[in-house]
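Descriptive structure summary
These are the residues of each chain, in order.
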Amino acid sequence: MPHFSLPRSVRLTRTHKVSAALVASASCAAALAMTAAPSNAASPTAHASAVVKPVSANGLPVVAKEQAGADAKEQDRTVAASVSDGLKVTAVAEQGHAAQQAANRSAERTEIAKEAPKAAPKAAAPKKYADNLDGWIRQSLDIMQSKGIPGSYEGLHRNIMRESSGNPYAINDWDINARNGIPSKGLLQVIQPTFDTYHVSGTARNLYDPVANITAAANYAAHRYGSIDNVNSAY
């Protein structure tokens, strides 16, 4: 019988390696199939319990994770609502405090205004009159009115023009009064005793003063004739 011997080293080709890998994979698949195959006595409940529930990356079931997320959101909303309510209360309180401060300041200003001394009313500027016959008559009329002495512009002007022609320094040195040493003087030709008796307070004591002369003569005429307006001749 012929004798054959194998070579000491057999070189494995790529085909040999692929074949060996396929054989190994088939063997493992058969073993897993036999292990996972359920026995005839296994119930449907056992199969249901063997189902694996999905889990999240942190190990919690997916449903539990969603519920935890919902709870966290609800808690955030509760906290946000509480903070918002607190801010509203604070804002209302601050507004009330500001309003109270404004009311207090207004009350203080009112009290200060009440306590402040009132400025004395300014005295009316003295009325100015022209330094002529018209101004003298108008000033005399204002004084006569304040003293209750009757008379009008027309009555004064008419008698002045007859007695002195409007000359405040006119003097009568020919009538009976002149002969008696008390001549008539001024706009309305008043003698000194008459001027002294019917002088109007507030006017000059000088018989030649136009306003003092007019007011004294008008005062005398008011007592004797009722008004200077009633005088139409020497009086």
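Refer to the structure above for everything that follows.
An account of the accompanying structure is given in this report. (Residues numbered from 1 in each chain as written. Predicted model: local features only at pLDDT ≥ 70, side-chain atom pairs only at ≥ 80, totals over all residues. Heavy atoms only, no water.)

**Section: the environment of His 199**
Here His 199 lies in the loop between helix H7 (192–198) and helix H8 (210–225). Residue His 199 is classed as buried on the basis of its relative accessible area, which comes to 16%. Separated by 19 residues in the primary sequence, His 199 and Ala 218 have C-alpha atoms spaced 9.8 Å apart. Those residues in contact with His 199 that sit more than four places away from it in its chain are Ala 204, Arg 205 and Ala 216. A polar contact is formed between the side chain of His 199 and the side chain of Thr 203, at a distance of 3.1 Å. Within the structure, the side chain of His 199 is placed 3.0 Å from the backbone oxygen of Ala 204, a separation counted as a polar contact. (Helix = DSSP H or I, 4+ residues; strand = E, 2+ residues; numbered from the N terminus. Buried < 20%, exposed > 50% of the residue type's maximum accessible area, 1.4 Å probe, protein only. Contact = heavy atoms within 4.5 Å. Polar contact = N/O pair within 3.5 Å; in protein donor to acceptor, adjacent residues only side chain to side chain.)

**Topic: the pattern of salt bridges**
Applying the stated criterion to the full structure yields 4 salt bridges. The shortest N-O distance in the salt bridge between Arg 158 and Glu 154 comes to 2.8 Å. Of the two residues, Arg 158 and Glu 154 both sit in helix H5 (residues 153–163), 4 residues apart, roughly one turn of that helix. Taking the relative accessible area as the measure of exposure, Arg 158 reaches 26% and is therefore partly exposed. (Salt bridge = Lys/Arg side-chain N within 4 Å of Asp/Glu carboxyl O.)

**Thoughts on the environment of His 223**
Among the secondary structure elements, His 223 is positioned in helix H8. Distance from His 223 to Pro 150, taken between C-alpha atoms, is 10.0 Å for residues 73 residues apart in sequence. Polar side-chain contacts of His 223 include one of 2.8 Å to the backbone oxygen of Asn 219.

**Examining the packing of aromatic side chains**
Summed over the entire model, instances satisfying the criterion amount to 3 aromatic pairs. Note on Tyr 198 and Tyr 220: the rings are 5.4 Å apart at their centroids and 70° apart in plane angle, and the pair reads as edge-to-face. Of this pair, Tyr 198 sits in helix H7 while Tyr 220 is found in helix H8, placing the two residues 22 residues apart along the sequence. On the accessibility criterion, Tyr 198 (22% relative accessible area) is partly exposed. We classify Tyr 220 as buried; its relative accessible area is 12%. A ring pair is formed by Tyr 220 and Tyr 235, whose centres lie 5.9 Å apart and whose planes are at 35°; its orientation type is tilted. Here Tyr 235 lies in the segment after H8 and Tyr 220 lies in helix H8, a separation of 15 residues in the sequence. Grouping aromatic residues by their ring pairs yields a cluster made of Tyr 198, Tyr 220 and Tyr 235. (Phe/Tyr/Trp six-rings, centres within 6.5 Å; stacked < 30°, edge-to-face > 60°.)

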